[in-house]
Every structure is written in structure tokens, then in C-alpha cells.
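# Examination of the molecular architecture
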Amino acid sequence: MPSLGADMEAGTLVEWRVKPGDAIHRGDIICEVVTEKGDIEVESWLTGTVEQLLVQVGQKVPVKTLMALIRTEGEGAAAVPPAPAPSAPAPSAPAPSAPAPPAPTPPAPTPSAPLPAPQPSSERTRISPAARKRIEAAGLDASTIVGSGIGGAITIADVEKAMSASQPAARAESEATSVTAIRRAIARAMARSKREIPHYYLSQTIDMSRALSWLERENSARELPRRLLYSVLLLKAVALAVREVPEMNGFWQDDHWIGSDAVHAGVATSLRSGGLIAPAIHDVGGKSLDEVMHALQDLVNRARSSGLRSSELSDPTITVTSLGERGCDSVMPIIYPPQVAIVGFGRVVEQAWAENGMVGARRVIHATLGGDHRASDGHRGALFLRAVDSLMQSPEQL
Amino acid sequence: MTAIAAAVPPAAMPGVVKTTYRDALRAAHRDALRRDDRVFLMGEDVGRYGGCYAVSLGLLEEFGPERVRDTPLSELAFVGAGIGAAAAGMRPIVEVMTVNFSLLALDQIVNSAATLLHMSGGQCAVPLVIRMATGAGRQVAAQHSHSLEVWYAHVPGIRVVAPATIEDARGMLWTALQDPDPVVMFEHVMLYNLEGEIAETAGATDLDHAAVRREGSDISIVTYGGCLPKSMRAAETLAADGISAEVIDLRTLRPLDDETILKSVAKTHRAVIVDEGWRSCGLSAEIAARIAESALYELDAPVVRVCTVEVPIPYPRHLEEAALPQAASIADAARRLVNHHG
Amino acid sequence: MSGDIPREHALHLLREMLRIRLFEEKCAELYGEEKIRGFLHLYIGEEAVAAGAMQSLTKDDAIVATYREHGHALVRGISANAVMAEMYGKVEGCSRGRGGSMHIFSAAHRFYGGNAIVGGGLPLAAGIALADKLRGVSHVTACFFGDGAVAEGAFHETANLAALWKLPLLLLCENNLYAMGTALERAQSETDLARKAAAYRIPSTSVDGMDVLAVEAATRAACDAIRAGAGPQFVELRTYRFRAHSMFDPDRYRDKSEVGRWKERDPIMTFTAFLRGRGDIDDAGLDALRKEIESEIATAVAFAEAGQWEAVSDLTKFVYSERPLAGRAS
């Protein structure tokens, strides 16, 4: 049973998509699992033949339970968990900037042996032999460790980092597509949220005129495909505001708050087929507006074509929901557990606005913060919302 | 404790003299010729000429033409004669001018020196030392620049050593002469002028162990012979980048001192093997295989090799330099291994 | 054949030649029975060379031979038991069975082996001679090699070196006219091999290798010259092997008639006739001699049969000498 999220402890098998004897390829979906986040399709990281299914449909089993045996090519009958590093990201492709040795002068073949070419994908998680030994000795789950070595391999340093930090961010790459599954996932997550999270709500009306004027000017100089949406400004403002009030970002787990350095903003996205998911744009604070725009487009497209990676579903650290033009004035959003905050934006409306003793028509947006009272208090929440407001008044600096 | 230690007068330091690799080798020859009258030196131009690399300069005058014998250009015959003389009880030192020419004597070394003891059921030992220069770097082109140490290191029955320091140039010969079996000694041409200090009392050094020439914790650079100084320079560079490199001088290429190599790898978890020989089927391949066989679970990164580009060594300086391992390429390889860009 | 040879010595020569002949015939038989394996090169027909040449060598002299060296080993005094056990590969063999037919060694007899690289023994022999010379002793090193070796660089390098250094080296060229299957005139531009050695200023002679007395006389003269300090000597022994190069050789490269003609000069047959003519031996004496030798060989076969196989755990023994592991430096 792969771990598909930091807070996932168990999963219930809904359906086997394979049976013993089936030939499977890396990437094939082998089963569907119900989790608190939704129904997740589990893909195989191995190519081979299904030897035995060990878990029955309807059975709920803890994470890391062996679910099936797959015999890989050229291998005797050996037990191999279907997703050995469930969460273990297939070693993320190393930076394509993998160093080409500088050409000597005069140009000549370099006498040094090239490092093995980084391979973006491999049949199995790359773990250096020494790291593997330590992982086993420490009883760690390799799937919770992100490799930084050659070819994304897990190294001793990665293991040590994992041992010293309590890592919330387990990840997985599997695909979630099923609509009914999503409906059920929403049901479970929202019910859990309302059951467990003591929400507090704060709202702020934000003057959007400067931001929108700036955006219009900016977009007028851009080709259509490169134009920015105002929600990109909102996302960025939320990410930057988090720097001032970090309690809004992270998770509530085991009776305490676990912060996150990076802001992975979950973007609530409604699906054409119904339902709602909130996949993450990673590290919004570290991205330029253009990059956020690009990531948003990509994410929405993929969300709507069921092309999301499960890490995008499992690791937002805060969620933003923006109702958009066809929405209503304001929204009182529900936190997505185990996150601790959600920011909702209504549609942009024009309304009478008094400033400096003058009344005029302004375009405004109603921002609402849903906060987890276990992790933060209203005072901090207010600071956060004010910060968002303030950031929106200097859009050129976002 | 420190106070007490400081109160103890320092032990008298033995005298230290400045010397060169070449002079240290000569001193070793002189020492051996004086100590054991079974020892004699023969080879091309070792006598009147003083040795192609001037190692034996002056020895003819001191020991006479019987014990410092100039040979005709007949590598097969005089190496074979050295083997026969050793089998018959002498302790010959045979200088083959360079490894390139030793190929003409390969039959005698491989088919006789290496086999006689085993083939005769232990009756016919061959206590012989064959010395030869090896390596590139002097712009003498393809036929004079080989590093074929591995050809000899491949063969059971012979011991292969490569002094890379002045101490070993001074100390390996006597120990090699005490070895009851044939020893092939490789002297890298770029080392002869190496200058340094050595204890006046310096003598024999062992032939059984590799040496840690520099201690480090991040990466092991395993090398020998002419690549040792380059590797030491690379380690200096790496230190400036915050990478602590350990440098292992193999010293003896057969039998390899696995223990020292593996111990270092167990400490650093990374290994770069530097060999002026070609990579394919080379010594570096052997060492990498041994690390994989015995220290796989200590490795935190793939083993990397820095070897000579697989070409005959060209004459022009820039091409020759590009072909050979250099301090910079060694440091680059080490840096890439330590600072991997996952 | 000269007639003034003492009877005892003459009978000794006959016995040695016959020992080789009968021993090797037994070897051929045992090869067919798969008791002896690997390469087996028989000396049959050439017995007069080993038997004659060995007479002037003392126990202090050294011998380097070829892979066709059973005869040399037997005449040198290595027991038939030890040689046969070696052929079997048994640990009681003179090389612990490590070498087999081609690598008979005996340090006690200064017998530095059958060398199976053509010409490979020549530089070694020069080195042994050099060692003796440096020690100031007047021993001779006798090196046997075939006509094929004269085409090798090793021969020319060694001849030159030995002559330059005046080494006490006796070069005994067993010219049986074929380098494996290649006839002398197809391999050598100068078929008078003594001239080649002479080119290095080595005193050189050629002698009928089918005449044991001629071989003995020529090699004795050469040995005497060496002991007198004249440096290396070369003796070409013109001989012929009656059997193929080795057991696997179909012998297609020479005429049966040529072999037949040489067999008429069989060194044992002609020497026996000579001794009969002198009244040194009769049928009864010959029969007794043959029986004695057959008995020696039967004993050797029984010895080899009863021998032990070396323990596999000893496989790597003697790759290197046994030596203390520590304290190498001194």
C-alpha cells in the first residue's frame, strides 16, 4: 500500500485492475485505492508479471502493506512490492543541466571518465548501496526520502537528512482520475475537516483597482498566450503573505503544527465532469508571475484531463480558492486536512468605495481566510489577510 | 598532559637530506650492490652510458663491468638471462629501458619468470628484479609512452610495484631483491626529477601495503606511480573547494592491497580511480571490480575512473596533455561525484 | 664408429638409449589408454643425442631442455619413477605433476626444465651460465634446442650475448629436420645451422646425431673447450624423429620412404650391431638388458599408478614462494 500523502495511514482496496499472470508495464494502473484524499489509482513501478494478489477488495490495510507480488523480467519468483517506493518519486529527473565537462583547450576528448548519464526514469528507485544499508538499519521507509544523488539516487546525506528531520512530505506519483472517486474523496476530506478542524473565519475586502489596472497594462503588451490572470496575482500574494505569517502554511498532525518552508499552493479547481480538486503549484513564493501563470495553466489543463501527479494532490501546504467571474461575492471555504488554512476569493465586483473622504466606484474582491484554530489564532489570521491586501496594492512588486 | 609532553625533550631528529627520485634509486642500487654480492645490474646502457635515465650513473666505475653489465639490444635474451641467473642463485637487477621495449621480453617474463616456480612444483624460484620506466608526458609519441603495468599485473607469479615517492624509490629495491619471486618495478618517467627530502637513514620499504598519502573523508582517490603527484595536486584543489579527498598510493599493483582500498572507501563512500593506463580492461577496471565485489554497500555513488583517453599517445604537447589524466580532470571527476547535481 | 671405446661404457650408452626407447614406447601406449594426457612429444629415433651428449656433463653442470625431454631427464639420472609419475600428473612426479610431459624439472639434478616455448630455454640457459661465471665456477650449462629454435630471435640474441660475454654455454642443436611439420629448407634460408652460430664467432661443429659415439666425442670436445674458458660452443646434432611431432600429428608432411631411410640408421640398431661385432654383447645379453629395462619401466608405471593426485587445496601453492608475510622490509 503506497503512501499517497503525508497523513495517509491506510487505504482501502476498491478494485484490482490486474490479475495474476497479467503482464504489466511500468506505469500501468494496477489497482484503485480509497484514501481520505480520494480514490487513487496505483501505478506499478515495475515491468513484469503479476504473480500474486495479496490484498482483497474492500480490505483496509496500513501503508507499506505488501499488496501484490510482481516478478520482473529475468527475475526468479521474488517478492517485490508493486510500488516499492510508493511515495518515492521516481527519482526526479536530474537537472538537465547535468554538467558537461568543460571542453579543454585545445578541444580534445576529456580523459576523465564521464559520470553515468543521469536517467530520468528507472525501473526502481535509485538508492546508493551505502544509503540502502543505512535505510535498512534505521528501519526507514525509502519512499519517504527524496534522492539528491546522481540520477536522483538517494545518498547517505539524504538518509541522514531524513533521519534528522521529521518529514511530512511523503509523495507519490500515481494518477487520480475517477470522478466518483473524487466525489467520495471530497466527501471524506470535507467531513473530516468539519469534524476535526475548529475553523475560524476572517474576511477582508481588497481594492483591486491598482492590481487590475497594472494587469491590463501589462497584458496589453503581451501576446494572448502570455497574458496573466488576476488569480495569479492572488496566488502570489498569498504565498508572500505566508512569509509574514508562517502559521498559515503547513499541516496539523499528531497534535502539533508542522510548518513548511516552501509554499505549495493548492488551487481549487472544479472539474468539467463535476467535483473539485486542489492540486498544488509547487513553491509559488519562489516563482515569477509568469511561472505561476504557466504552472496554473498547466495544472488546470492536466487536472481536467486527469493528468495529475499524485504528489500534486498530496502536498499542498495551503489552499486558495478563487470563484472567478462566474462566482458570487464571497466564499467561506473549508480547510483541506491536514492543511491549516484556506483562502477564498469571491468574484471581482465593482462597488462604491470611500477613500480619503471621497466615494468612488472601485473594483474589489472579498477575501476570506478559513483558519485552523488549533494552529493559529484570529489575530495572526488578520495579519495575514491584511498582508495579502497590502501586497495587492503593489502588484508590480509581486 | 600537554604540559608533561612538552617537558619531554624532543627525540633527536635523524638527519634529512635533499635528493631526487633518480638519486634515491641510485642510492638503492649502490646499497644493494654493496650489501649482497649476488646482486648485479644489467641492461641497455646501464654501464658506460650511466643509464638511459641516469639511474646507474657512476655504478660501473664503482662496481666494475661484471656487476654493472651493458647488454646488447636483446631484451628477450638479457631478461631471460636474468631469469636464468636468478634461478641459478643470483639476485639480478635487470633494467629494461622502458616498458615499451619490455614487450620484446614478454615471453620470458610471462612464460618463464611467472611460471617456473609453480610448474616445477616449487623447485625453481626466480628471485629477480626487473625495472623499467613507464608512462607518458615527455612528448616521445606513441611507441615510447605506454603505461602497460596492467599487462604484468595480470599475471600470477610475479609481483608488480610502482614506487611513486622518493622514499619508495630508495626503499623498494632492496625489499624486492629479498623477495624470492620475480618483481617487476615500474618507474614513471615524470618522477625521475622529483625532488624532496629523505631521512639520511632511509632504507627498505615494504612491498605489501598501499599507502594513504593524504587523509580525507569525502572521497577516495586511488592511484599509483606517475598519477600520484597529479592526484595530490587535485586533492589540494578539492580542499580549497571544501572537499576532503583521501589519496591512496597503491605502491604494489600485484598483489593489490585490497584492505587499504576498501577501508578508505568504507570511510569516504566514494572512489575515483586514477590510472595512466587505458580504461578498458585496465588496472582501474580491476580496482573498481574489487570495490564492487567487497564494498558495494559502502558506496554512496558510482565508482568513477580517470584514465588515459583510448588513443596511442600523440606527439604534440597539447594533445598529449589532453590524452592523459591531469590534476584538473581528477579534481573535476571528484567534484562531480561529491557535488552531484541530482 | 671408432673401436677403442671401453665395453662397460659402450654398454652403458646402449642401455641409456634403450631406456629412452622403451620408456617412450610405454608412454605412447599409456597415452592411448589415457593415462598420459596433454601433449606428448616422443624422442624415438633421437636417443643417441641425449645419451651421447650427457656423458661429458658432471653433476654440477646445468641442463635446459625442450618439451621433448623425457630422454634427457632419464639419462641425466632423474628416476624413471619420478618422470613417469610426472607424465601421469601425480604429486610424486618430479615437478609434483604440475608440468607433465613438457615440464620435467629437478633442482637436485640442475635440470632446469623442459621448456615448451621454442627457443625459450636459450636465454634462461645463458643466465644460468652467467650465474656460474659470476660465481667463478667452471660449470657448463648445456642447452638443448631444435632446428626450429634457430629461426627464433631468442637463438640469435642468446648466441650473440653468450659470445660477447664468453658464457660457459653449450648450445646443442638437435636438428631433426622439421620444425613441427615445416621442413628445414622451408624455414631456414641457410640450412647449415652451424654457420649461423659461427656468425656470432661461436666455435661450431656438426655431427651425425644418429651415432652415439660421434655425439659423445663432439660434445666432450665442446665441453672441454668451455671449461678451458673458450666461451660458448655450438654443436649441431643431425638426427631424425621416427614418430610424428606429437601424438596428435598425422605426419602428412614427410614421405614414408624418408622415414624408412632414416630408420635404417636407427641409432640403437646400428650401435647394437657395432657392439655385437665387437663381441661386447650377444642375444642373451641383449635380452637380459631389455628385461632389466622393462622391469624398471614396469616399476615406474606401477609407481605412477599408485601415486596421489595433488590436493586441490594446493592449487595455488607455489604461485609465489612461501615467505613470511610480515617483516619484509629490513
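Further up the page is the structure itself.
This is a predicted model, so every value here is computed, not measured.

### Examining the nonpolar core
Counting residues in hydrophobic clusters, the biggest one holds 223 residues, and the most contacted among them are B:Ile221, B:Val272, B:Ala334, C:Ala126, C:Ile128 and C:Cys143. Here this core takes nine residues from helix H4 (residues 75–87) of chain B, the largest share from any one element. Beyond its immediate chain neighbours, meaning those up to four positions away, C:Ile128 contacts B:Gly84, B:Ala85, B:Ala87, B:Ala88, C:Ala62, C:Val64, C:Tyr112 and C:Thr141. Counting residues in each nonpolar core, the second largest holds 56 residues, with A:Leu235, A:Ala241, A:Ala278 and A:Leu369 among its members.

### Looking at the sheet that holds strand E2 (residues 23–24) of chain A
All names here are of chain A. Read from one edge to the other, the open sheet built from three strands follows the order E2-E5-E7, with strand pairing classed as antiparallel. The open sheet terminates on both sides in strands that have one partner only, identified here as E2 and strand E7 (68–72). The pairing of E2 with strand E5 (residues 48–53) spans two bridges and is classified as antiparallel. Along E5, the bridge assignment pairs Ile-24 with Gly-48.

### Comments concerning the pairing of strand E4 (residues 91–98) of chain B
All names here are of chain B. Counted residue by residue, E4 has eight buried out of eight residues, so it is predominantly covered. By the bridge criterion, five bridges tie strand E2 (residues 39–43) to E4 in an arrangement that is parallel. Across the sheet, residue Phe-40 finds its bridge partner in E4, namely Pro-92. As judged from the five bridges shared by E4 and strand E5 (residues 129–134), these two strands associate in the parallel manner. Counted as the bridge partner of Val-96 is Met-132 from E5.

### Re the interface of chain B and chain C
Listed per partner, the contact involves 42 residues of chain B and 37 residues of chain C. When contributions to the side of chain B that touches chain C are tallied by element, the ones reaching two or more residues are H4, helix H6 (106–113), helix H7 (116–119) and helix H9 (166–178) of chain B.

### Thoughts on the sheet that holds strand E7 (residues 204–208) of chain C
To summarise the sheet geometry, strands pair through backbone hydrogen bonds and adopt either a parallel or an antiparallel arrangement. Residues and elements named next belong to chain C. As summarised here, the arrangement of the six strands in space is E2-E1-E3-E4-E8-E7, forming an open sheet in which the pairing is parallel. Every other strand in the sheet has two partners, leaving strand E2 (111–115) and E7 as the edge strands with one partner each. Strand-to-strand twist across the sheet, computed as the mean angle between neighbouring axes with direction ignored, equals 15°. Relative to strand E8 (residues 233–238), strand E4 (residues 169–175) runs parallel, the two being bridged by six bridges. Each residue of the ladder has a partner; that of Cys-173, found in E8, is Glu-236. Sitting on the sheet, helix H9 (residues 212–227) is in contact with E4, E7 and E8, with an inclination near 170° to E8.

What counts as what
- Throughout this document, residue positions are counted from 1 along each chain, in the order its sequence is written.
- Written order determines the labels here, with chains lettered from A and ligands numbered from 1.
- Only residues with pLDDT of at least 70 are given local features in this predicted model, and only at 80 or more are side-chain atom pairs given and counted; all residues enter the totals for whole chains, interfaces and linings.
- Remark: nonpolar core denotes a set of buried Ala, Val, Leu, Ile, Met, Phe, Trp, Tyr and Cys residues whose joining runs through C-beta atoms within 7 Å.
- Exposed residues have 12 or fewer other C-beta atoms within 10 Å of their own C-beta, buried residues have 20 or more, and residues in between are partly exposed; the C-beta atoms are placed from the backbone.
- Numbering of helices and strands runs from the N terminus, with a helix taken as a DSSP run of H or I at least four residues long and a strand as a DSSP run of E at least two residues long.
- Residues are defined as contacting one another if the C-beta atoms placed from their backbone atoms lie within 7 Å.
- The criterion for strand pairing is that DSSP finds at least two bridges linking the strands in question.
- Only the stretch in contact is used when fitting a helix axis, every axis being a line fitted to C-alpha atoms; angles between N-to-C directions are given from 0 to 180 degrees.

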